[in-house]
Amino acid sequence: MTNDEFDRLWQRAEAEGYAAKLSQEYPAWRARQRRNSGLAVVVAVIMAVAIPMLLPHHSGYGKVYCNRGDIAEAQWVSLTSEILMTV
């Protein structure tokens, strides 16, 4: 038997051992993967709900509409400055 043949036989025997070990461990590994992916989905949903609740939000009105043309411009300026100061 040459050195090359011996190396090939050695590598094949080693590979068969690894394949058997991986085959035996696959069901447990797959169960962990499923559990971890389910956990990741739950965490993502919780974060998607919690983050907007934790961020500060501005209450009030962002725009003011009026269909009356007789309101003085100074009153609009005053209203605008109040809105800007509260935001």
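Let us look at the structure shown here.

## Things to note about the overall build of the protein
(1) Moving on: Scanning the protein from N- to C-terminus turns up 2 helices and 0 strands.
(2) Moving on: Scored against the burial criterion, the 87 residues of the protein give a buried share of 0%.
(3) Moving on: Of the roughly 8500 Å² of accessible surface on the protein, 62% is carried by carbon and sulfur atoms.

## Description of the environment of M1
(1) Moving on: Its location among the elements puts M1 in the segment before α1 (3-54).
(2) Moving on: Looking at M1, the relative accessible area reads 72%, which means it is exposed.
(3) Moving on: For M1, the residues in contact, after removing those within four places along its chain, are F6 and L9.

## Side note on helix α2 (residues 73-86)
(1) Moving on: In a regular helix each residue adds 1.5 Å, so 14 residues correspond to 20 Å; α2 covers 20 Å between its end C-alpha atoms and thus fits that length.
(2) Moving on: Little of α2 sits inside the fold, with 0 of its 14 residues counted as buried.

## As for the packing of aromatic side chains
(1) Moving on: Per the counting criterion, the structure on display carries 2 aromatic pairs.
(2) Moving on: Measuring from ring centre to ring centre gives 5.7 Å for Y26 and W29, while their planes differ by 35 degrees; the resulting arrangement is tilted. Taken as a pair, Y26 and W29 lie in helix α1 at a separation of 3 residues, close to a single helical turn.
(3) Moving on: By relative accessible area, which is 39% here, W29 ends up partly exposed.

Parameters at a glance
Residues numbered from 1 in each chain as written. Predicted model: local features only at pLDDT ≥ 70, side-chain atom pairs only at ≥ 80, totals over all residues. Heavy atoms only, no water. Helix = DSSP H or I, 4+ residues; strand = E, 2+ residues; numbered from the N terminus. Buried < 20%, exposed > 50% of the residue type's maximum accessible area, 1.4 Å probe, protein only. Areas by Shrake-Rupley, 256 points an atom, 1.4 Å probe, with all protein chains shown as cover. Contact = heavy atoms within 4.5 Å. Expected span 1.5 Å × (residues − 1). Phe/Tyr/Trp six-rings, centres within 6.5 Å; stacked < 30°, edge-to-face > 60°.

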